[in-house]
Amino acid sequence: MTLTPFYKIEQLAADRKGGQSALELLLRDHKPLSTKQLLKLGDDRYLAMMTRCVFNAGFNWKVIEHKWKGFEEAFHGFNPKGLAHLPPEKWDAYTSDKRIVRNAIKINSVLANAHFIWHTAQEQGSFGKVFAEWPASDQIGLMAWLGKEGSRLGSNTGQYFIRFIGKDGFILSQDVVARLQASGVDVTSKCSSKRDLKKVQDAFNSWHDATGYNYTRLSRILAMSIGKN
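Since this is a predicted model, take the numbers as computed values, not measurements.

A.B. asks: Quick question: what am I supposed to make of the overall build of the protein chain here?
C.D. replies: Per the secondary structure count, the protein chain includes 14 helices and 0 strands. In sequence order, the secondary structure elements of the protein chain are arranged as α-α-α-α-α-α-α-α-α-α-α-α-α-α. Radius of gyration (C-alpha) of the protein chain: 19 Å, near the 17 Å computed for a compact globule of 229 residues. The C-alpha extent of the protein chain, read off along each of the three principal axes, is 55 × 35 × 30 Å. When each of the 229 residues of the protein chain is scored for burial, the buried share is 45%. Partitioning the intrachain contacts of the protein chain with sequence separation of at least 6 by distance along the chain shows that 67% fall at a separation of at least 24.

A.B. asks: Can you walk me through the packing of helix α10 (residues 139–149) against helix α13 (residues 194–211) in this structure?
C.D. replies: Geometrically, a packed helix pair is captured by the angle between its two axes and the distance between the axes. The geometry of α10 relative to α13 is characterised by a closest axis approach of 9 Å and an angle of 140° between their N-to-C directions. By the angle between their axes, α10 is oblique relative to α13. Of the residues in α13, those touching α10 at Gln139, Ile140 and Met143 are Leu197, Lys198 and Gln201. Across the contact of α10 with α13, the residue classes tally to 3 nonpolar, 2 polar and 1 charged.

A.B. asks: What is the right way to read the nonpolar core from this model?
C.D. replies: One broad rule of soluble globular proteins: the nonpolar side chains tend to lie buried together. Ranked by internal contacts, the top residues of the largest apolar core, which has 66 residues, are Leu83, Phe127, Leu146, Phe161 and Leu180. Excluding residues that lie within four positions of it along the chain, Phe161 makes contacts with Tyr46, Met49, Met50, Cys53, Phe127, Phe131 and Leu146.

A.B. asks: Before we go on, may I ask you to explain the packing of α10 against helix α11 (residues 155–165) in this structure?
C.D. replies: As a packed pair, α10 and α11 sit with axes 10 Å apart at the nearest point and diverge in direction by 115°. For the pair α10 and α11, the crossing hand works out as right-handed. Side by side, α10 and α11 meet where Gln139, Leu142, Met143 and Leu146 of the first sit next to Gly158, Gln159, Phe161 and Ile162 of the second. Residues belonging to the contact of α10 with α11 are distributed by class as follows: 5 nonpolar, 3 polar and no charged.

A.B. asks: What is the right way to look at helix α5 (residues 61–74) in this model?
C.D. replies: Structural remark: α-helix, 3.6 residues per turn; residues separated by three or four positions point the same way. Under the 1.5 Å per step criterion, the end-to-end length of α5 is 19 Å for 14 residues, consistent within 8% with the ideal 20 Å. Buried within α5 we find Ile64, Trp68, Gly70, Phe71, Glu72 and Ala74. Once α5 finishes, His76 follows within two positions and takes phi at roughly 55°, a positive value.

A.B. asks: Can you walk me through unusual backbone geometry in this structure?
C.D. replies: Positive phi, close to 60°, is recorded for Arg152, a residue that is not glycine. Relative to the elements of secondary structure, Arg152 occurs in the loop between α10 and α11. Phi is positive for Cys191, close to 50°, though the residue is something other than glycine. Inspection of the secondary structure puts Cys191 in the loop between α12 (174–182) and α13.

A.B. asks: Quick question: what am I supposed to make of the side chain of Asp168 here?
C.D. replies: One can find Asp168 in the loop between α11 and α12. Engagement of the side chain of Asp168 in a polar contact is seen with the backbone nitrogen of Tyr215, the distance being 2.9 Å. Only 2.7 Å separates the side chain of Asp168 from the backbone nitrogen of Thr216, close enough to count as a polar contact. Not counting chain neighbours up to four residues away, the residues in contact with Asp168 comprise Pro32, Ala136, Gln139, Ile162, Asn214, Tyr215 and Thr216.

A.B. asks: Honestly, the layout of surface pockets in this entry has me stumped. Any pointers?
C.D. replies: One water molecule sets the probe size; rolling that probe over the atoms shows where empty space is left. Taken as a whole, the largest pocket encloses approximately 310 Å³ of empty space. Breaking the lining of the largest pocket down by element, the ones donating at least two residues are α10, α11 and α12. The greatest single-element share of the lining of the largest pocket, amounting to 4 residues, is contributed by α11. By residue class, the composition of the lining of the largest pocket is 8 nonpolar, 9 polar and 1 charged. Looking at the second largest pocket, its volume works out to about 210 Å³. Taken together, His30, Tyr160, Arg163, Phe164, Ile171, Ser173, Val176, Ser219, Arg220 and Ala223 form the lining of the second largest pocket. When residues of the lining of the second largest pocket are traced back to their parent elements, those giving at least two are α11 and α14 (215–224). Here the lining of the second largest pocket is composed, by residue class, of 5 nonpolar, 3 polar and 2 charged.

Rules behind the numbers
Residues numbered from 1 in each chain as written. Predicted model: local features only at pLDDT ≥ 70, side-chain atom pairs only at ≥ 80, totals over all residues. Heavy atoms only, no water. Helix = DSSP H or I, 4+ residues; strand = E, 2+ residues; numbered from the N terminus. Rg over C-alpha atoms; globule rule 2.2 N^0.38 Å. Buried < 20%, exposed > 50% of the residue type's maximum accessible area, 1.4 Å probe, protein only. Contact = heavy atoms within 4.5 Å. Axes fitted to C-alpha atoms, helices over the stretch in contact; angles between N-to-C directions. Parallel < 35°, antiparallel > 145°, perpendicular 65-115°, else oblique. Nonpolar A, V, L, I, M, F, W, Y, C, P; charged D, E, K, R; others polar. Core = buried A, V, L, I, M, F, W, Y, C linked by side-chain atoms within 4.5 Å. Left-handed = near helix turned anticlockwise from the far one by under 90°. Expected span 1.5 Å × (residues − 1). Polar contact = N/O pair within 3.5 Å; in protein donor to acceptor, adjacent residues only side chain to side chain. 1 Å grid on protein atoms, 1.4 Å probe; cavity = no way out; pocket = protein on both sides within 12 Å on 5 of 7 lines; lining within 4 Å. Points joined across faces, edges and corners; volume = space filled by probe spheres on them.

Right, here's the structure in full:
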């Protein structure tokens, strides 16, 4: 099956949202940061967003948002090196710290990701340099790296981290996967195997080359072209 030209998908999205102007308004506030802007972010901000996405997973996001000031305070501004060197008793104490959500598994992921970021910085100069310069045309490679080297950053959590920190990229929501399938991309509904992810990346790369659109815009248009309006 031939890949559907993206202008047809964009027209479907525009029709569902009340026209091209209405669609552009919905897309306006979701522009990714440039590589230069991402490079300016401190590694503490990368660890903070990793933590937020990990705690958001399977939980009420509004609760995490409401408590976030407490998270920043409890985890000392998310300095990776500092957290990586906290003694074990300090980490044990987090399970009774009312400033945060007291989930031991997710708390342990903060420590693991602090080590991940700190060791990457030691080897490469900064975590942000590796992350910012990773090409959007190989998001699946970035996702694999995060999932392997990080803690609880696989699957959708890694995709949300990429999007929420401001890097250009796609999110494989239910609607995005449904539109990919309807557009000729032979993937399963879970869309998590290496085979499926390669087909997804190839489709996004093809649409990017044809339209010049960034991957975030492509992803959001796909999502708005199908499903509940």
